[in-house]
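Coordinate analysis (summary)
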Amino acid sequence: MSTFLGIPHAPRGVGHLRGDEPFPVAARRALANTQLRRNLGKATATIRAKRAAVVAELPDWEELRAAGQAIKAHTMRHLGHYLTELESQVTARGGTVHWARDAVEANRIVVDLVRGAGVAEVVKVKSIVTDEIGLNDALADAGVHAYETDLAELIVQLGHDRPSHILVPAIHRNRAEIRDIFLREMPDVDPGLTDTPAALTEAARLHLRRAFLSARVGISGANFAVAETGTLCVLESEGNGRMCLTLPETLITVMGIEKVVPAWRDLDVFMQLLPRSSTGERMNPYTSMWTGVTPGDGPQAFHLVLLDNGRTATLADETGRQALHCIRCSACLNVCPVYERTGGHAYGSVYPGPIGAVLSPQLTGVEDNASLPYASTLCGACYDACPVKIDIPSILVHLRARHVEEAGRAHRVASPEAVTMAAASWVMTSPARWAAAQRASRLGRGLGRGGRIRRLPWPLSAWTAARDAPAPPAQTFRQWWRAERGDRQPQAPGHGARWRASGTTQRRRRPGAEDQPPAVPHGAPPARPSEAPAREAGEC
């Protein structure tokens with residue numbers, strides 16, 4: 001792990017973690033695209049319904065979530081140990097492990113390996129981490145063409161586009177658009193191609209067949225890596241991954257260091273959580289696992305590239321490190337009201353949606369993605385959907401605070417927002433000042449229509465440019481209380497909140513917070529799936 005010291009964040013100018021414009025600007029343009037919103041709304045609603053149905057079948061779903069959370073938390077606390085064990089096991093079984101501090105180093109390693117194999121074409125399994133580092137661009141610069149073999153990734157590649165969803169990269173495209181892309185970009189496609197799913201799939205299959213059979217190098221990511229055995233695991237739905245992992249002579253796997261799990265039996269938990277949360281299936285159609293090199297069977301050269309690229313910087317943040325627990329299921333995207341209306345491109349990163357809003361800023365440094373932590377309503381739907389119980393709303397608030405602090409240190413002159421917040425703090429710390437402010441706010445009633453203020457004068461116009469403000473009430477709470485109850489002071493309620501001695505409320509606990517599992521003691525084994533009821537034979 002000392003290899004990573006001194007490389008705090010993903011470097012600029014390489015990969016796809018930073019957008020060309022802040023989220024509000026990109027989101028405003030996406031909101032104007034009605035076809036995009038229809039495509040997203042239909043797709044996310046379908047996935048949500050499928051997921052809800054299969055999750056409801058498991059009476060121990062919450063226990064499985066807690067087990068997944070505990071395994072991930074324990075692994076992150078002992079990450080150095082498990083990565084070293086993984087390296088030892090992969091090497092012992094004939095593989096070669098490479099350590100990459102950032103995207104530049106990872107791309108160089110892979111390009112050198114491909115050049116060493118003497119090939120000009122490679123086939124790829126769908127891999128978000130290779131998109132994160134911009135591997136296809138690096139290969140192209142070296143004169144190597146990378147064939148994306150996942151159907152959605154192929155659509156994105158042929159359309160000269162960018163992925164917009166973790167699970168379904170081409171979710172922003174409909175069938176008619178895909179047909180047009182195939183007719184334009186596939187030289188061997190049938191001119192009479194229709195936009196039925198079967199026809200489009202067959203066209204992609206025929207287009208890729210030659211690449212599958214002739215490729216001598218395959219490139220993949222990994223869903224999980226088992227430290228105790230050196231086993232890598234890829235889950236997919238189309239079978240293209242199985243062909244990429246077995247047919248080529250050389251296999252190169254690029255994996256973020258957070259994907260390791262301690263033991264083989266830990267996979268039992270994630271094999272139940274991931275398919276249900278991602279595709280809404282009880283079991284994914286293809287689960288490929290391989291351990292090193294087996295003479296005469298599959299690739300005869302295996303290289304594992306372990307990537308940091310800002311992950312150890314994320315690990316150093318006790319609140320933000322939860323983002324590294326992510327198993328890339330995309331459940332948080334499918335329930336997010338912001339993502340459903342803007343799509344993934346507005347986030348500017350290969351990791352869109354709620355998880356992208358907390359992961360990308362930590363990988364790049366918060367100030368390089370300062371608008372993303374604000375790309376949320378903080379409704380909490382992402383936390384409820386997350387199969388490993390990542391508290392995304394709390395991380396969002398934490399990253400907003402980090403942005404305010406870092407921006408404040410970078411500017412000697414206080415921003416208008418900082419001045420406003422300081423003034424509000426000064427007013428609210430005095431009952432007399434607060435009461436006077438409440439009385440003064442009644443002057444704003446003249447700006448309201450129908451109980452709403454739709455336009456405030458500058459500088460408050462920045463607020464009402466994107467939302468309405470409620471008109472002040474006819475009387476303040478203090479005035480109402482005095483009229484109804486006289487001089488009696490309000491008492492703390494008996495239920496629903498805990499109160500300090502001063503009479504002010506503490507922060508309410510978010511629903512479900514009481515269900516958080518206890519921390520795994522330092523050095524103790526992680527929670528095991530045996531604590532959850534066993535599945536029947538044949539189930540995922």
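Residues numbered from 1 in each chain as written. Predicted model: local features only at pLDDT ≥ 70, side-chain atom pairs only at ≥ 80, totals over all residues. Heavy atoms only, no water.

It is worth spelling out the nonpolar core at this point. Inside soluble globular proteins, nonpolar side chains tend to come together where they are buried. Counting 107 residues, the largest nonpolar core has Leu86, Phe182, Phe224, Leu232, Leu304 and Leu306 as the members making the most contacts within it. If we ignore the near neighbours within four places in the chain, the residues touching leucine 232 are Val90, Ala222, Phe224, Ala225, Thr253, Met255, Ser288, Met289, Trp290, Phe302 and Leu304. Core analysis: the next-biggest nonpolar cluster, separate from the first, contains 23 residues, Ala103, Val114, Val122 and Ile133 among them. (Core = buried A, V, L, I, M, F, W, Y, C linked by side-chain atoms within 4.5 Å. Buried < 20%, exposed > 50% of the residue type's maximum accessible area, 1.4 Å probe, protein only. Contact = heavy atoms within 4.5 Å.)

For arginine 18, the position within the fold is in the segment before helix H1 (23-31). Between the alpha carbons of arginine 18 and glutamate 132 there is a distance of 9.7 Å; along the sequence they are 114 residues apart. The contacts of arginine 18, once residues within four sequence positions are left out, are Ala10, Pro11, Arg12, Gly348, Thr364, Asp368 and Asn369. Within the structure, the side chain of arginine 18 is placed 2.6 Å from the backbone oxygen of alanine 10, a separation counted as a polar contact. A distance of 2.7 Å separates the side chain of arginine 18 from the side chain of aspartate 368, its partner in a polar contact. (Helix = DSSP H or I, 4+ residues; strand = E, 2+ residues; numbered from the N terminus. Polar contact = N/O pair within 3.5 Å; in protein donor to acceptor, adjacent residues only side chain to side chain.)

Counted under the stated rule, the structure contains seven aromatic pairs. Ring centres of phenylalanine 224 and phenylalanine 270 lie 5.3 Å apart, and the angle between their planes is 25°; this geometry places the pair in the stacked category. Placement of phenylalanine 224 in strand S5 (residues 224-226) and of phenylalanine 270 in helix H12 (residues 267-278) is noted, with a sequence separation of 46 residues between them. Each member of the pair, phenylalanine 224 together with phenylalanine 270, is buried. Here phenylalanine 477 and tryptophan 481 contribute two aromatic rings whose centre-to-centre distance is 5.9 Å and whose plane-to-plane angle is 40°, an arrangement assigned as tilted. Pair noted here: phenylalanine 477 and tryptophan 481 are both in helix H22 (residues 477-485), with a separation of four residues, about one helical turn. Aromatic ring contacts, followed pair by pair, group Phe23, Tyr339 and Tyr347 into a single cluster. If you follow lysine 72 out to its NZ or CZ, it ends over the ring of phenylalanine 270, 5.8 Å from the centre. (Phe/Tyr/Trp six-rings, centres within 6.5 Å; stacked < 30°, edge-to-face > 60°. Lys NZ or Arg CZ within 6 Å of the ring centre and 35° of its normal.)

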